[in-house]
Every structure is written in C-alpha cells, then in structure tokens.
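What the coordinates show
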Amino acid sequence: MPVKQPSPSLALLQEEYLLVEAWKKTANHLRAHNWFADSLAIDLAAAELPRFLQEVADRLVRPDDYETRPYGSFQRQKTTHGTSTPMTE
C-alpha cells in the first residue's frame, strides 16, 4: 500500500508536530554550524517551546501579516498562582 504524501498547505504548517521538527532542525543546525549562536538563548527558547510554537501557529493564521522577528521580542508570559500576566523586562 503506497504511503500518502501530505501536500504543502498553510493548515499543515500550523500543526505542532511539523513546527517541532522545524524547530529541532533549526536549533541543531545553529549549534553545529554557527559558533556565534547564543546557546543559552536557544536553550531558553527550547524551555518555552510549547508557548513559542503556539504563538507561531497563531501568527500563521494570517500569513499576509506575518513577519519574522528575533526570539527575545516575543511577549513572554509569567504565570503567578494560575494566572498569566505579561512580563516586564
């Protein structure tokens, strides 16, 4: 039985399993090939990966408005006793 190949689509790009694989490939490439890469920033992003991936998926809903930006510019959320509030830096 032949394996069905998924066709590229925006809906597929928003799937968490695809975003996780893209993240892993990118992080591994940066660590292996870019000695200027900030390993601690990559580790921090990995620790917040579920939130980061959800934000990317949410931003892909409107692809015409999508623009890339450095990781540190994403709004981080701080959880205090079950409530989320934006962190101030």
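Up top you'll find the structure we're talking about.
I will try to describe carefully the structure that is included in this document. Note that the coordinates shown come from a computational prediction; the quantities given were computed from them, not determined experimentally.

A short note on the packing of helix α2 (residues 16-33) against helix α3 (residues 39-47)
When two helices pack together, you describe them by how their axes are tilted relative to each other and by the distance separating the axes. Packing of α2 against α3 brings their axes to within 11 Å, and their N-to-C directions diverge by 165 degrees. In terms of axis orientation, α2 runs roughly antiparallel to α3. You can see that α2 and α3 cross each other, and the crossing is left-handed. In this structure, α2 contributes W23, A27, L30 and R31 to the contact, and α3 contributes S39, I42, D43, A45 and A46. Of the residues belonging to the contact of α2 with α3, the class tally is 6 nonpolar, 1 polar and 2 charged.

A word on a nonpolar patch on the surface
A surface patch of nonpolar side chains, amounting to about 350 Å² of accessible area, comprises L10, L13, Y17 and L18. Those elements giving two or more residues to the nonpolar patch turn out to be α1 (10-13) and α2. Secondary-structure assignment places L18 in helix α2.

Remarks on the packing of aromatic side chains
One pair of aromatic rings is described through two measures. These are the centre distance and the angle between the planes. On inspection of all chains with the given rule, the structure shows 2 aromatic pairs. Their ring planes at 25 degrees and their centres at 4.3 Å tell us that W35 and F36 sit as a pair that is stacked. There is no split in this pair, since W35 and F36 are both exposed.

Let's talk about the packing of α2 against helix α4 (residues 49-59)
With their axes 10 Å apart at the nearest point, α2 and α4 run at an angle of 115 degrees to one another. In terms of axis orientation, α2 runs roughly perpendicular to α4. The two elements α2 and α4 meet at a crossing, and its hand is right-handed. In this structure, α2 uses E16, L19, V20 and W23 to contact α4, whose residues at the interface are L49, F52, L53, V56 and A57. A class-by-class count of the residues in the contact of α2 with α4 yields 8 nonpolar, no polar and 1 charged.

Let's talk about the environment of E16
Relative to the elements of secondary structure, E16 occurs in helix α2. Remark: the alpha-carbon pair of E16 and A57, spanning 41 residues in sequence, is separated by 7.8 Å.

Regarding the pattern of salt bridges
Pairing is possible between side chains that carry opposite charge, provided their charged atoms lie close to one another. This structure, assessed with the given rule, holds 4 salt bridges. The salt bridge involving R31 is made with D43; its shortest N-O contact spans 2.4 Å. Taken together, the positions of R31 in helix α2 and D43 in helix α3 put the pair 12 residues apart, joining distant regions of the chain. Exposure remark for D43: the relative accessible area of 38% places this residue in the partly exposed category. Among the salt bridges present, the one from E55 reaches R51, with a minimum N-O distance of 3.2 Å. Of the two residues, E55 and R51 are both situated in helix α4; the distance of 4 residues between them amounts to about one turn of the helix. The buried category is assigned to E55, whose relative accessible area is 18%.

Conventions and cut-offs
- Residues numbered from 1 in each chain as written.
- Predicted model: local features only at pLDDT ≥ 70, side-chain atom pairs only at ≥ 80, totals over all residues.
- Heavy atoms only, no water.
- Axes fitted to C-alpha atoms, helices over the stretch in contact; angles between N-to-C directions.
- Helix = DSSP H or I, 4+ residues; strand = E, 2+ residues; numbered from the N terminus.
- Parallel < 35°, antiparallel > 145°, perpendicular 65-115°, else oblique.
- Left-handed = near helix turned anticlockwise from the far one by under 90°.
- Contact = heavy atoms within 4.5 Å.
- Nonpolar A, V, L, I, M, F, W, Y, C, P; charged D, E, K, R; others polar.
- Patch = residues over 30% accessible without salt bridge, like charges linked within 9 Å, V, L, I, M, F, W, Y side chains within 5 Å.
- Areas by Shrake-Rupley, 256 points an atom, 1.4 Å probe, with all protein chains shown as cover.
- Salt bridge = Lys/Arg side-chain N within 4 Å of Asp/Glu carboxyl O.
- Phe/Tyr/Trp six-rings, centres within 6.5 Å; stacked < 30°, edge-to-face > 60°.
- Buried < 20%, exposed > 50% of the residue type's maximum accessible area, 1.4 Å probe, protein only.

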